[in-house]
Amino acid sequence: MTIYSDTILEVKDLQTHFFLREGVVKAVDGVSFRVGKGEILGIVGESGSGKSVTGFSIMGLVNKPGKVVGGHIKFRGDDLAYMSEEQLRMLRGNRMSIIFQDANVSLNPVLRIDTQMIETVLAHKDVSKDEARKISINGLKMVGIPAPDERINSYPHEFSGGMRQRLSIAMALLNEPDLIIADEPTTALDVTIQAQILYETQKLCRDRGTSLIWITHDLTVIAGLVDQVCVMYAGQIVESGPVDDVLDDPQHPYTIGLIGSIPSANTRSKKLYQIPGMAPSLLSLPEGCTFRERCQFASETCKSVPPKIILSDRRAVRCFYPKGENAAENSATISPHEEDVQ
């Protein structure tokens, strides 16, 4: 396992809430992790688990009625949570960048590619326009766009979906950032293009020492891409650790369920496992463990907040019964359909 001693980003007890008429949505509730130089961290979980909001919180892109209400986001020692919008603007697109799930979000359809890329370079670097153009063309080369000298004069709609996503990655890398946050950037792409982008992203991080946070719901994507993984559920990290350890020996019942639902050669002609029930509404979370209403190992004990168990360096799980151990000894088991009405 590679050891990353130079910490680029450290998130401690991050809390991001959305203040609605119906109540307060705790989209991110006490999330903590760190990312080293050149390291790739994966954040996985179902839709609504808080993955994207975590990324937007780091970038300072949470709009009202959302707000970061607690915790620390230390980027190279500076706390982003307490920076002004002007200070964050100088960092975004420069020292840290984000790749959105939909490439069209970061591309202006009425401007040529060269205009958009050159402006991005000139906003943060004191170089000539000709030099900015060379940097932009080189960026297109890095992500495998053919004939970059010609394609840079195109408009976004003249690129295919996969090429637009490569373009988004190129723009994110223009100013050689220390950190990139990728929010499910390959979800809408076919598997061939997805594999190419994953390879290129991993190579760029390795060659440049850029740190990457890859947000996805797909465990098969992060299996061969990331170094560390955090599994999120209902706004919290329920399990974290080196990706091989988590996938080979999952501890939290939710992680076990996610892995069990992936098709493989071993499950051919068998029904795929499905985690029972639905993810809870963040407006009315159950007391104690937020996963207990869907967990086969849940007991009365799970009505209390589960402890964070440190298994080893950078390996932790938040559960009373990791892997279901000792769960059978509890006589008062909770059924998802027999909950007391609060």
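Colleague: Explain the overall build of the protein chain here, please?
Modeller: On a plain count of helices and strands, the protein chain comes out with ten helices and twelve strands. Taking 342 residues into account, the globule formula puts the C-alpha radius of gyration at 20 Å, and the protein chain, at 21 Å, falls close to it. Taking the principal axes of the C-alpha coordinates as reference, the protein chain spans close to 75 × 50 × 40 Å. Once local pairs closer than 6 in sequence are excluded, the contacts in the protein chain between residues at least 24 apart make up 65%. For the protein chain, the exposed surface amounts to about 16900 Å²; the carbon and sulfur share of it is 50%. Separation of charge centres in the protein chain, based on 36 positive and 43 negative side chains, amounts to 3 Å.

Colleague: I tried to follow the nonpolar core on my own but got confused; where do I start?
Modeller: As a rule of thumb, nonpolar side chains are buried together in soluble globular proteins. Membership of the largest hydrophobic core comes to 84 residues, with the highest contact counts inside it found for Leu9, Phe33, Ile58, Ile213 and Trp214. Leave out the neighbours within four places in its chain, and Ile213 touches Leu9, Phe33, Val35, Leu41, Ile43, Ile58, Leu179, Ile180, Ile181 and Ala182.

Colleague: Help me understand the sheet that holds strand β7 (residues 179-183) in this model?
Modeller: Pairing between sheet strands relies on hydrogen bonds along the backbone, with the strands arranged either parallel or antiparallel. Read across the open sheet, the eight strands follow the order β6-β7-β8-β3-β9-β10-β12-β11; overall the sheet is mixed. At either margin of the open sheet sits one strand with a lone partner, and together these are β6 (96-99) and β11 (308-312). Across the sheet, the mean angle separating the axes of adjacent strands is 20° when strand polarity is ignored. In this structure, strand β10 (residues 236-242) lies alongside strand β12 (residues 315-318), joined through two bridges in antiparallel fashion. Residue Glu239 lies in a different strand from β12, and its bridge partner there is Val317. Along the sheet face, helix α1 (residues 51-59) touches β3 (40-44), β6, β7, β8 (211-216) and β9 (228-233) and points at about 150° away from the line of β7. Contacts between helix α10 (residues 253-260) and the sheet are confined to β9 and β10, with β9 contributing the most and set at about 105° to the helix.

Colleague: It is not clear to me how α1 should be interpreted in this structure. Could you clarify?
Modeller: An α-helical turn contains 3.6 residues, so a residue and the one three or four places further along point in the same direction. By the criterion of burial, α1 is predominantly enclosed, with seven of the nine residues buried. Taken as a whole, α1 has its buried residues at Lys51, Val53, Thr54, Gly55, Ser57, Ile58 and Met59. Once α1 finishes, Gly60 follows within two positions and takes phi at roughly 70°, a positive value.

Colleague: I tried to follow the sheet that holds strand β1 (residues 7-20) on my own but got confused; where do I start?
Modeller: Spatially, the four strands line up as an open sheet ordered β2-β1-β4-β5, and their pairing is antiparallel. Edge positions in the open sheet fall to β2 (23-36) and β5 (78-79), since each of these has one partner strand only. Lying over the sheet, α1 contacts β1, β2 and β4 (66-75), oriented at roughly 110° with respect to β1.

Colleague: For this particular structure, what's the right way to read the environment of Val110?
Modeller: Of note, Val110 is situated in the loop between β6 and α3 (113-122). As a C-alpha pair, Val110 and Val69 span 41 residues in sequence and 37 Å in three-dimensional space.

Colleague: Which parts of the structure should I look at to understand the packing of α3 against helix α6 (residues 161-173)?
Modeller: Working note: a packed helix pair is described by the angle between its axes plus the distance between those axes. The N-to-C vectors of α3 and α6 enclose an angle of 25°; their axes lie 9 Å apart at closest approach. The orientation of α3 relative to α6 falls into the category roughly parallel. Note on packing geometry: the crossing formed by α3 with α6 is right-handed. Mapping the contact onto sequence places Ile113, Gln116, Met117 and Thr120 in α3 and Leu167, Ala170 and Met171 in α6. Grouping the amino acids of the contact of α3 with α6 by side-chain chemistry returns five nonpolar, two polar and no charged.

Colleague: How should the packing of α6 against helix α7 (residues 191-208) be read in this particular structure?
Modeller: Where α6 contacts α7, the axes come no closer than 10 Å and their chain directions differ by 10°. One way to sum up the angle between α6 and α7 is to call them roughly parallel. With respect to the hand of their crossing, α6 and α7 are arranged in right-handed fashion. Along the contact surface, α6 presents Gly162, Gln165, Arg166, Ile169 and Leu173, while α7 presents Ile193, Gln196, Ile197, Glu200, Thr201, Leu204 and Arg208. Residue composition of the contact of α6 with α7, grouped by class: five nonpolar, four polar and three charged.

Colleague: Would you mind showing me how to read the pattern of salt bridges here?
Modeller: Any two side chains of opposite charge can pair if their charged atoms end up close together. On inspection of all chains with the given rule, the structure shows 14 salt bridges. A salt bridge links Glu46 to Arg294; the shortest N-O distance between them is 3.1 Å. Here Glu46 is found in the loop between β3 and α1, whereas its partner Arg294 is found in the loop between α10 and β11, with 248 residues between them in sequence. Looking at Glu46, the relative accessible area reads 26%, which means it is partly exposed. Here Arg294 falls in the buried class, since its relative accessible area comes to 6%. For the salt bridge of Arg92 with Glu85, the shortest nitrogen-to-oxygen distance reads 2.4 Å. Residues joined by salt bridges that share partners form a network here, namely Glu85, Glu86, Arg89 and Arg92.

Colleague: Sorry, what's going on with a nonpolar patch on the surface here?
Modeller: A contiguous nonpolar patch, built from Phe19, Val24 and Val69 and spanning about 230 Å² of accessible area, is present on the exposed surface. Looking at the secondary structure, you find Val69 in strand β4. Owing to a relative accessible area of 39%, Val69 belongs among the partly exposed residues under this scheme.

Procedures and definitions
- Residues numbered from 1 in each chain as written.
- Predicted model: local features only at pLDDT ≥ 70, side-chain atom pairs only at ≥ 80, totals over all residues.
- Heavy atoms only, no water.
- Helix = DSSP H or I, 4+ residues; strand = E, 2+ residues; numbered from the N terminus.
- Rg over C-alpha atoms; globule rule 2.2 N^0.38 Å.
- Contact = heavy atoms within 4.5 Å.
- Areas by Shrake-Rupley, 256 points an atom, 1.4 Å probe, with all protein chains shown as cover.
- Lys, Arg positive; Asp, Glu negative; His and termini not counted.
- Charge placed at Lys NZ, Arg CZ, Asp CG, Glu CD.
- Core = buried A, V, L, I, M, F, W, Y, C linked by side-chain atoms within 4.5 Å.
- Buried < 20%, exposed > 50% of the residue type's maximum accessible area, 1.4 Å probe, protein only.
- Pairing = 2+ DSSP bridges.
- Axes fitted to C-alpha atoms, helices over the stretch in contact; angles between N-to-C directions.
- Parallel < 35°, antiparallel > 145°, perpendicular 65-115°, else oblique.
- Left-handed = near helix turned anticlockwise from the far one by under 90°.
- Nonpolar A, V, L, I, M, F, W, Y, C, P; charged D, E, K, R; others polar.
- Salt bridge = Lys/Arg side-chain N within 4 Å of Asp/Glu carboxyl O.
- Patch = residues over 30% accessible without salt bridge, like charges linked within 9 Å, V, L, I, M, F, W, Y side chains within 5 Å.

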